[in-house]
Amino acid sequence: MTKQHKIDCHTHIVNHEICTQYFDCPGGGDFAMVMEFLPYMQKESMPDDSWDLCDGNEKLFLCPSVDIHKDIPAQLAVIEEKMARRPGCRVVGLKIFLSYQTGRADDERMMPIYDFAKKHVLSVTFHTGLPSYHLPYENDVEGSRVEYVATIAKKYPEVNFIVAHMGDPYYDESIQAMHGLPNMFTDFAGAFEPGTDVAADEEGTIDQWAHAINQYPDTYKQIVYGTDFCPPILLFEIDKYDYAIRKIFTEDKFEDIYWNNPLRAFPKAAQYINKKG
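Criteria and cut-off values
- Residues numbered from 1 in each chain as written.
- Predicted model: local features only at pLDDT ≥ 70, side-chain atom pairs only at ≥ 80, totals over all residues.
- Heavy atoms only, no water.
- Helix = DSSP H or I, 4+ residues; strand = E, 2+ residues; numbered from the N terminus.
- Rg over C-alpha atoms; globule rule 2.2 N^0.38 Å.
- Buried < 20%, exposed > 50% of the residue type's maximum accessible area, 1.4 Å probe, protein only.
- Contact = heavy atoms within 4.5 Å.
- Areas by Shrake-Rupley, 256 points an atom, 1.4 Å probe, with all protein chains shown as cover.
- Disulfide = S-S within 2.5 Å.
- Pairing = 2+ DSSP bridges.
- Axes fitted to C-alpha atoms, helices over the stretch in contact; angles between N-to-C directions.

Draft legend 1. Molecular detail of the overall build of the protein. Helix and strand content of the protein: 11 helices and eight strands. Its C-alpha radius of gyration of 17 Å places the protein within 12% of the 19 Å reference for a compact globule of 277 residues. Based on the C-alpha atoms only, the size of the protein along its principal axes is roughly 45 × 40 × 35 Å. Classification of the 277 residues of the protein by burial places 58% in the buried group. Taking the intrachain contacts of the protein between residues at least 6 apart in sequence as the baseline, contacts between residues at least 24 apart amount to 76%. Roughly 11,500 Å² of accessible area belongs to the protein as shown, and the carbon and sulfur atoms make up 51% of that amount.

Draft legend 2. Up close: the state of the cysteines. Tallied over the full model, the rule gives zero disulfides. Not engaged in a disulfide, the cysteine Cys 230 finds its nearest cysteine sulfur in Cys 19; these two sulfurs lie 12 Å apart.

Draft legend 3. Representation of the sheet that holds strand β2 (residues 31-35) within the structure. Strand order in this open sheet of three strands is β1-β2-β3, and the pairing throughout is parallel. With one partner strand each, in any of the chains shown, β1 (7-11) and β3 (60-63) form the two edges of the open sheet. Sheet twist, expressed as the average angle between the axes of neighbouring strands with direction ignored, equals 20°. Strand direction decides the pairing type here: β1 and β2, joined by three bridges, are parallel. Bridged to Asp 8 within β2 is Ala 32.

Dropping the structure here:
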């Protein structure tokens, strides 16, 4: 049986220890997107060395985070300077921690982020829905709703937007909001966190995802593979995401979800991967 190649579109492989753990897992991705934590989210057991780790690592791509409570243009200027100074660190997107931080994707103060993404061909990943129990959060689930991201996706058709976690628990509404927008993608990364409702009823949750996705026959084109891998905050499952994909989709869709859709969702990563062959 041919091995299914994978691009993991959502991880927190933020240091060497987590990187070793991830690539030692036989079911992990061939490539992975690293979502940098905001500085205040770091813990003693979870230092974030994303920039150093990704510099020169051909398996990793970086998505720096932006703190929406601080000066956004100033942060983008720092990211731009780092990108110029460290070309070996392959930046392919940006990460916005909605729910953890109060705010909406269509807030006016967010527009510089999307202008920056357009300029540098970067994708924008939002946390949507319920936050992790193991990170500090403001719990603005309402502000993270996918419909607000869809408004911006229409305004910025050149930028790709990934709404992580399918707006948990508003799965049906989230798929409805993003359906038919070719620059919007979603995953169910991080869902199997111990102590959550999802973990308590895995089969029931997978059925909810399937119901949302099956509202339209072509939704699979907007689904990307992601695990949210980060053992220090108890996000260590990998096989369960493969199990969910096998339960929801037919085998002929796997290549799209694991590979083709991620390449479309992150065109900057596709440039690097295609160049490498």
